[in-house]
Amino acid sequence: MEYEGILLGMGNPLLDISAVVDQEFLNKFDIKLNNAILAEEKHLSMYDEMASNYNVEYIAGGATQNSIRVAQWMLQIPGATSYMGSIGKDKYGEEMKKNAKEAGVNVHYYEDDSPTGTCAVCVVGGERSLIANLSAANCYKSDHLKRPENWALVEKAKYIYIAGFFLTVSSDSIMLVAEHAAAKNKIFTTNLSAPFICEFFKDVQDKVFPYADIVFGNETEARTFSRVHGWETENVEEIALKISQLPKVNETRKRITVITQGGDPVVVAEDGKVKLFPVILLPKEKLVDTNGAGDAFVGGFLSQLVQEKPIEDCVKAGCYAANVIIQRSGCTYPEKPDFK
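None of the values given here were measured: they were computed from a predicted structure. (Residues numbered from 1 in each chain as written. Predicted model: local features only at pLDDT ≥ 70, side-chain atom pairs only at ≥ 80, totals over all residues. Heavy atoms only, no water.)

Participant: Quick question: what am I supposed to make of the overall build of the protein here?
Facilitator: A count of helical and extended segments in the protein gives 13 helices and 14 strands. Since a compact globule built from 340 residues should have a radius of gyration of about 20 Å, the 18 Å found for the protein is in line with a globular shape. When its C-alpha atoms are laid out on the principal axes, the protein stretches across 55 × 45 × 40 Å. In the protein, which comprises 340 residues, the proportion classed as buried is 58%. In the protein, the proportion of contacts linking residues at least 24 apart, taken out of those at least 6 apart, comes to 73%. Accessible surface, the protein as shown: approximately 14,500 Å² in total, 49% of it carbon and sulfur. Between the averaged position of the 35 positive side-chain charges in the protein and that of its 46 negative side-chain charges there is a distance of 5 Å. (Helix = DSSP H or I, 4+ residues; strand = E, 2+ residues; numbered from the N terminus. Rg over C-alpha atoms; globule rule 2.2 N^0.38 Å. Buried < 20%, exposed > 50% of the residue type's maximum accessible area, 1.4 Å probe, protein only. Contact = heavy atoms within 4.5 Å. Areas by Shrake-Rupley, 256 points an atom, 1.4 Å probe, with all protein chains shown as cover. Lys, Arg positive; Asp, Glu negative; His and termini not counted. Charge placed at Lys NZ, Arg CZ, Asp CG, Glu CD.)

What follows is the structure, encoded as structure tokens:
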């Protein structure tokens, strides 16, 4: 099988500024754990404060980019994955390029005049909270996507993954790719990504969903999605099933919904049925931080999906990748995977 460029991701490339902070810091900036939000005015001084008061690490991030890097790492086939998004012409942008190159991902960044986007990762007791200052990432336009050398990546890919966060940036780019995937019978996958996406970007999300062959998410996002759609259920299995049964453009394959629940089993809804898959439990003392856990799960899952492995192998690989990532700081991994 030809793997070159088989998987394409599009999203917001962000440099993670990660630190273990304390509850006082969370209170000061009104931050909830296990959440992901966009930075507001009140958060802007936070980045400097983190850098001066805590031990900060800089790690190339952004949800989709994390997933693509993990898929690339799991596949160990150079150039199997590609990625597009917008960075700044600055040292963070250079860092991002270097990082992606080392990861073996074929990146086609748009380079904007605004600074490269950053994401503050505040860790308390192993749980993370994300506050993203999109900056240059917010400047991606479909004009870049339409350039022949970039659209070629779309043409080449058989599997496409775009996390929900990109809905806030360039929904027309998502629609172009989604429509292409449906027309060419390719597999288009997306993610609920964050409660605020399900709440405040419901209309664009509802426009993209009919194109989604696989929808990922976690239990909090699934419950928010349910509430916003007036489903009156908190039951994750029921919600997963309902998402899988929403109308679909390409009817040749049924939608699969995959919802992770931290240490609880992964819920997979497919073809009117729900299956539960246990995760690999990690003793608390081995947990470093949950930053990138969901992204890593998706990356592991996609690495097997592109090899046409059965869904349970995809879930197993997702759990393996997430387990590796939560034992390290940020979305980082050892040189080689040890997945059987």
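Picking up after the structure, the text goes on.
Participant: What should I look at first to understand helix α2 (residues 46-53) in this one?
Facilitator: Note on helix geometry: an α-helix contains 3.6 residues per turn, so any two residues three or four positions apart are oriented the same way. What α2 keeps buried is the set Met46, Tyr47, Glu49 and Met50. Taken end-on, α2 shows its buried residues confined to a sector of 165°, consistent with a single buried face. For α2, the exposed residues set more than 90 degrees away from the buried face come down to Asp48 and Ser52. Each element contacted by the buried residues of α2 is listed here: β2 (14-20), α1 (23-28), β7 (118-124) and β8 (127-133). (Arc of directions from axis to C-beta.)

Participant: Help me understand the sheet that holds strand β4 (residues 57-61) in this model?
Facilitator: To summarise the sheet geometry, strands pair through backbone hydrogen bonds and adopt either a parallel or an antiparallel arrangement. With mixed pairing, the five strands of this open sheet are ordered in space as β3-β8-β7-β2-β4. Both outer strands of the open sheet, β3 (36-38) and β4, are each paired with one neighbouring strand and no more. Sheet twist, expressed as the average angle between the axes of neighbouring strands with direction ignored, equals 25°. When β7 meets β8, the two strands line up antiparallel, connected through seven bridges. Opposite Val124, over in β8, you have Glu127 as the bridge partner. (Pairing = 2+ DSSP bridges. Axes fitted to C-alpha atoms, helices over the stretch in contact; angles between N-to-C directions.)

Participant: Mind showing me how you'd approach the sheet that holds strand β11 (residues 214-218) here?
Facilitator: Pairing is mixed across the open sheet formed by nine strands, whose spatial order is β6-β5-β1-β9-β10-β11-β12-β13-β14. Strands at the two margins of the open sheet, each flanked by one partner only, are β6 (106-112) and β14 (273-277). Taking each pair of neighbouring strands and ignoring which way they run, the sheet shows an average axis angle of 20°. Of the pairings in the sheet, the one linking β11 to strand β12 (residues 256-261) comprises five bridges and is parallel in character.

Participant: Sorry, what's going on with the UniProt feature "domain: Carbohydrate kinase PfkB" (unreviewed entry) in the protein here?
Facilitator: The UniProt entry lists residues 26-334 under the feature "domain: Carbohydrate kinase PfkB" (unreviewed entry), expressed in the numbering used here. With 40% helix and 23% strand, residues 26-334 has end C-alpha atoms that lie 30 Å from one another. (UniProt positions renumbered as here; feature names shortened; annotations may be inferred.)

Participant: Sorry if this is basic, but what is going on with the pairing of β8 here?
Facilitator: On any regular strand, side chains alternate: one points to one face of the sheet, the next to the other face. Summarising burial for β8: five of the seven residues are buried, a large majority. Strand direction decides the pairing type here: β3 and β8, joined by three bridges, are parallel. Across the sheet, Leu38 pairs through a bridge with Ala132, a residue of β8. Between β7 and β8, which pair antiparallel one after the other, the connecting turn spans two residues, and Gly125 there sits at a positive phi close to 55°.

Participant: Sorry, what's going on with the pattern of salt bridges here?
Facilitator: Inspection of the entire model under this criterion finds eleven salt bridges. Across the salt bridge formed by Asp113 and Lys89, the nearest N and O atoms sit 2.8 Å from each other. Of this pair, Asp113 sits in the loop between β6 and β7 while Lys89 sits in the loop between β5 (81-88) and α4 (91-103), placing them 24 residues apart in sequence. Per residue, the accessibility class of Asp113 equals that of Lys89, and both read exposed. (Salt bridge = Lys/Arg side-chain N within 4 Å of Asp/Glu carboxyl O.)

Participant: Can you walk me through helix α13 (residues 311-325) in this structure?
Facilitator: Between its terminal C-alpha atoms α13 stretches 21 Å, which fits the 21 Å expected from 15 residues at 1.5 Å a residue. Taking burial as the measure, the 15 residues of α13 include twelve buried ones, the bulk of the element. All of the buried residues along α13 are Ile311, Cys314, Val315, Ala317, Gly318, Cys319, Tyr320, Ala321, Ala322, Asn323, Val324 and Ile325. Against the buried residues of α13 lie α3 (63-75), β12, β13 (264-270), β14 and α12 (293-305). (Expected span 1.5 Å × (residues − 1).)

Participant: Can you help me understand the pairing of β2 in this one?
Facilitator: The element β2 is extensively covered by neighbouring structure, given that six of its seven residues are classed as buried. Where β2 and β4 come together, five bridges link them in antiparallel fashion. Paired with Asp16 across the two strands is Ile59, which belongs to β4. When β2 meets β7, the two strands line up parallel, connected through six bridges. Of the residues in β7, the one forming a bridge with Ser18 is Val121.

Participant: Help me out: how do you make sense of the UniProt feature "active site" (unreviewed entry) in the protein in this one?
Facilitator: Annotation from UniProt places "active site" (unreviewed entry) at Asp295. Take Asp295: it is sitting in helix α12. Taking relative accessible area as the criterion, Asp295 reaches 15% and is therefore assigned buried. Among the polar contacts made by the side chain of Asp295, one reaches the side chain of Asn66 at a distance of 2.9 Å. (Polar contact = N/O pair within 3.5 Å; in protein donor to acceptor, adjacent residues only side chain to side chain.)

Participant: Please clarify how the side chain of His180 should be interpreted in this entry.
Facilitator: The topology assignment puts His180 in helix α7 (residues 171-183). In this view, His180 contacts Trp151, Val154, Glu155 and Lys186; residues no more than four positions away in its chain are not counted.

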